[in-house]
Amino acid sequence: MPGLSVISKRLKKLSEVPDKKETIFLGDISKEFRQDLQQFIFGETLTIKDGRAVIGKNLYKNWLLKIKTKGFDYDIKFL
C-alpha cells in the first residue's frame, strides 16, 4: 500500500483539475477515481468533443464536494 503522501497528492491533483484545464475529459481523471465519477454523473447531460466525453466544470466541482462531504461510493485502490 502506498504511503499517505501518495494518496494525498492524488487527491490534491483531483482538486486542481478545474483550475488547470479549460475542458475536462472523462479520460483525464485517474483510473482509480473514474468509477466513482461515472456513478456520480450517471443521467447527466454530457458534451462530446473530439469523440470524448466532456464533463462540465460545475458538475466536476459538485463531484469534488460530494467526495469531501460523503466520500467515495467505491473502494479506491491506490496502486
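Please refer to the structure placed before this passage.
Only a predicted model underlies this, so the values are computations on that prediction, with no experimental measurement involved.

The rules behind each value
- Residues numbered from 1 in each chain as written.
- Predicted model: local features only at pLDDT ≥ 70, side-chain atom pairs only at ≥ 80, totals over all residues.
- Heavy atoms only, no water.
- Axes fitted to C-alpha atoms, helices over the stretch in contact; angles between N-to-C directions.
- Helix = DSSP H or I, 4+ residues; strand = E, 2+ residues; numbered from the N terminus.
- Parallel < 35°, antiparallel > 145°, perpendicular 65-115°, else oblique.
- Left-handed = near helix turned anticlockwise from the far one by under 90°.
- Contact = heavy atoms within 4.5 Å.
- Nonpolar A, V, L, I, M, F, W, Y, C, P; charged D, E, K, R; others polar.
- Core = buried A, V, L, I, M, F, W, Y, C linked by side-chain atoms within 4.5 Å.
- Buried < 20%, exposed > 50% of the residue type's maximum accessible area, 1.4 Å probe, protein only.
- Phe/Tyr/Trp six-rings, centres within 6.5 Å; stacked < 30°, edge-to-face > 60°.
- Lys NZ or Arg CZ within 6 Å of the ring centre and 35° of its normal.

Looking now at the packing of helix α2 (residues 31–41) against helix α3 (residues 57–70). For any two helices packed against each other, the geometry is given by the interaxial angle and the distance between the axes. Running from N to C, α2 and α3 cross one another at 110°; their axes reach a closest spacing of 10 Å. As judged from the angle between their axes, α2 and α3 are roughly perpendicular. In this structure, α2 crosses over α3, and the sense of that crossing is right-handed. Mapping the contact onto sequence places Phe 33, Asp 36, Leu 37, Phe 40 and Ile 41 in α2 and Leu 59, Asn 62, Trp 63, Lys 66 and Ile 67 in α3. Looking at side-chain class alone, the contact of α2 with α3 contains seven nonpolar, one polar and two charged residues.

The subject of this paragraph is the nonpolar core. As a rule of thumb, soluble globular proteins bury nonpolar side chains together. In terms of nonpolar packing, the biggest core is built from 15 residues, with Leu 14, Ile 29, Leu 37, Ile 55, Tyr 60 and Trp 63 touching the most fellow members. Put simply, the parts of the chain that give this core at least two residues each are α1 (4–20), α2 and α3. Discounting residues that sit within four places of it in the chain, Trp 63 has contacts with Leu 14, Ile 29, Phe 33, Asp 36, Leu 37, Phe 40 and Phe 72.

Our next topic: the packing of aromatic side chains. According to the stated counting rule, one finds two aromatic pairs in the structure shown. Ring geometry for Phe 33 versus Phe 72: centroids 5.6 Å apart, planes at 20°, classification stacked. Pair noted here: Phe 33 is in helix α2 and Phe 72 is in the segment after α3, with a separation of 39 residues, a long-range link. For Phe 72, a relative accessible area of 26% gives the class partly exposed. Between Arg 52 and the ring centre of Phe 25, over which it is positioned, the NZ or CZ distance is 3.7 Å.

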